[in-house]
Amino acid sequence: MATILGVLLNAESPATTAVFTTLRTGRAQRDAIWAAAEHILDDRMKELFEAILLVVRTTERTRADIAHGHWGILRDHENVVTWISSKDHAIHNARALNGAWPREGHAFLLDKTFVYTLDDFEETYEQIEFTWRLLFDFLTLHRSETTKSGLSGLAGDELYSHLINEPRVQEARTRLDRRQNRKR
């Protein structure tokens, strides 16, 4: 995300990315990037970039779940792992350690626990890699209408069409349109 801001601002100073990386939440970082984008990008590129940021947000959530949850194993099932959010894990432990063992026992945890397979992790990796490629192509388009992206091999209007018509970007655009319609 720091790279995106640096490219949008055409910043050569490391101070830009240093300041940006002090923003700890994805929301604060996206807000900072969007504030810059609104003043730099034309309407066509803003529409594309807003949708791309929504794709990024979805990917960030998935990554955050993996990074910040609590994991467990099922001894009888070697190809799966269990996951529970830190919040739910902490609620259960605090109740138990404060002597208020819940009547439902571990049922609270079972209702909040999810099972992941290797395929789930591979899908998450693909989502993260896709998002990186999407951002790389967007930054290539932003920097030059004539430079071909090393990832897509496209440039200019072809690269724009490739990005704006990408199914995940289309889905994000649909979600953004629904939000706008609800506000009216």
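In this text, all values refer to a predicted model and were calculated from it rather than measured experimentally.

Parameters and conventions
- Residues numbered from 1 in each chain as written.
- Predicted model: local features only at pLDDT ≥ 70, side-chain atom pairs only at ≥ 80, totals over all residues.
- Heavy atoms only, no water.
- Helix = DSSP H or I, 4+ residues; strand = E, 2+ residues; numbered from the N terminus.
- Rg over C-alpha atoms; globule rule 2.2 N^0.38 Å.
- Buried < 20%, exposed > 50% of the residue type's maximum accessible area, 1.4 Å probe, protein only.
- Contact = heavy atoms within 4.5 Å.
- Areas by Shrake-Rupley, 256 points an atom, 1.4 Å probe, with all protein chains shown as cover.
- Lys, Arg positive; Asp, Glu negative; His and termini not counted.
- Charge placed at Lys NZ, Arg CZ, Asp CG, Glu CD.
- Pairing = 2+ DSSP bridges.
- Axes fitted to C-alpha atoms, helices over the stretch in contact; angles between N-to-C directions.
- pLDDT = per-residue confidence, 0-100.
- Patch = residues over 30% accessible without salt bridge, like charges linked within 9 Å, V, L, I, M, F, W, Y side chains within 5 Å.
- Salt bridge = Lys/Arg side-chain N within 4 Å of Asp/Glu carboxyl O.
- Parallel < 35°, antiparallel > 145°, perpendicular 65-115°, else oblique.
- Left-handed = near helix turned anticlockwise from the far one by under 90°.
- Nonpolar A, V, L, I, M, F, W, Y, C, P; charged D, E, K, R; others polar.
- Phe/Tyr/Trp six-rings, centres within 6.5 Å; stacked < 30°, edge-to-face > 60°.
- Lys NZ or Arg CZ within 6 Å of the ring centre and 35° of its normal.
- Core = buried A, V, L, I, M, F, W, Y, C linked by side-chain atoms within 4.5 Å.
- Polar contact = N/O pair within 3.5 Å; in protein donor to acceptor, adjacent residues only side chain to side chain.

Trainee: Sorry if this is basic, but what is going on with the overall build of the protein chain here?
Mentor: The helix and strand tally for the protein chain stands at nine helices and three strands. Helices and strands in the protein chain line up, N terminus first, as α-α-α-α-β-β-α-α-β-α-α-α. At 21 Å, the protein chain has a C-alpha radius of gyration far larger than the 16 Å of a compact globule built from 184 residues. In terms of overall dimensions, the protein chain has C-alpha extents of about 65 × 40 × 35 Å along its principal axes. Taken over 184 residues, the protein chain has a buried fraction of 32%. A sequence separation of at least 24 residues applies to 57% of the contacts in the protein chain between residues at least 6 apart. Surface accessibility of the protein chain: about 11,900 Å² in total, with carbon and sulfur atoms responsible for 52%. The centroid of the 24 positive side-chain charges in the protein chain is displaced by 7 Å from the centroid of its 27 negative side-chain charges.

Trainee: Even after reading the chapter, I still don't get the sheet that holds strand β1 (residues 70-74), so can you show me in this structure?
Mentor: Each strand in a sheet pairs with another by means of backbone hydrogen bonds, the pair being arranged parallel or else antiparallel. Read across the sheet, three strands follow the order β1-β2-β3 without closing on themselves; strand pairing throughout is antiparallel. Strands at the two margins of the open sheet, each flanked by one partner only, are β1 and β3 (114-117). The mean inter-strand angle of the sheet, taken between neighbouring strand axes irrespective of direction, is 35°. Inspection of the sheet shows β1 paired to strand β2 (residues 77-84) by five bridges, in the antiparallel sense. Residue pairing for β2: H70 is matched across the bridge by I84.

Trainee: Would you explain the environment of K87 in this entry?
Mentor: Within the secondary structure layout, K87 lies in helix α5 (residues 86-97). When the C-alpha atoms of K87 and V7 are compared, they prove to be 36 Å apart, with 80 residues separating the residues in sequence.

Trainee: When you look at the confidence of the model for the protein chain in this model, what are you seeing that I'm missing?
Mentor: On average, residues of the protein chain score 88 in pLDDT, and 99% of them reach the 70 mark or higher. Ranking the elements of the protein chain by mean pLDDT puts helix α6 (residues 107-112) last with 82 and helix α8 (residues 156-164) first with 95.

Trainee: I tried to follow a positive patch on the surface on my own but got confused; where do I start?
Mentor: Taken together, R61, R178, R179, R182 and K183 make up a surface patch of like positive charges. Counting residues per element, the positive patch draws most heavily on helix α9 (residues 167-183), at four residues. Inspection of the secondary structure assignment puts R182 in helix α9. Relative accessible area serves as the criterion here: at 64%, R182 is assigned to the exposed category.

Trainee: Could you clarify how one ought to interpret the packing of helix α7 (residues 118-143) against α8 in this entry?
Mentor: To describe two helices that pack against each other, one gives the angle between their axes and the distance between the axes. α8 packs onto α7 with a crossing angle of 150° between their chain directions and a minimal axis gap of 10 Å. If you check the angle between α7 and α8, you find them roughly antiparallel. In the crossing of α7 with α8, the sense of the turn from one axis to the other is left-handed. For the pair formed by α7 and α8, the contact residues are L134, D137, F138, T140 and L141 on the first element and G156, L159, Y160, H162 and L163 on the second. Tallied by class, the residues present in the contact of α7 with α8 amount to six nonpolar, three polar and one charged.

Trainee: Please explain the packing of aromatic side chains as it appears in this structure.
Mentor: Two descriptors summarise a pair of aromatic rings, namely the distance from one centre to the other and the angle between the planes of the rings. Considering all chains together, one arrives at eight aromatic pairs under this definition. One aromatic cluster in this structure is built from W71, W83, F114, Y116 and F121. The cationic tip of R168 hangs over the ring face of F130; the distance from NZ or CZ to the ring centre is 4.1 Å.

Trainee: How should the nonpolar core be read in this particular structure?
Mentor: Inside soluble globular proteins, nonpolar side chains tend to come together where they are buried. L48, F49, I52 and F138 are the most contacted members of the largest nonpolar core, which totals 32 residues. Within the residue set of this core, elements represented by two or more residues are α1 (2-8), α3 (26-40), α4 (43-68), α7, α8 and α9. Here the element with the most residues in this core is α4; it accounts for nine residues. Beyond its immediate chain neighbours, meaning those up to four positions away, L48 contacts F138, L141, Y160, L163, I164 and V169.

Trainee: Got a minute to help me understand the side chain of R30 in this structure?
Mentor: Topologically, R30 is positioned in helix α3. In terms of polar contacts, R30 uses its side chain to reach the side chain of E60, at 2.2 Å. With near-sequence residues (within four places) excluded, R30 lies in contact with M1, L53, R57 and E60.

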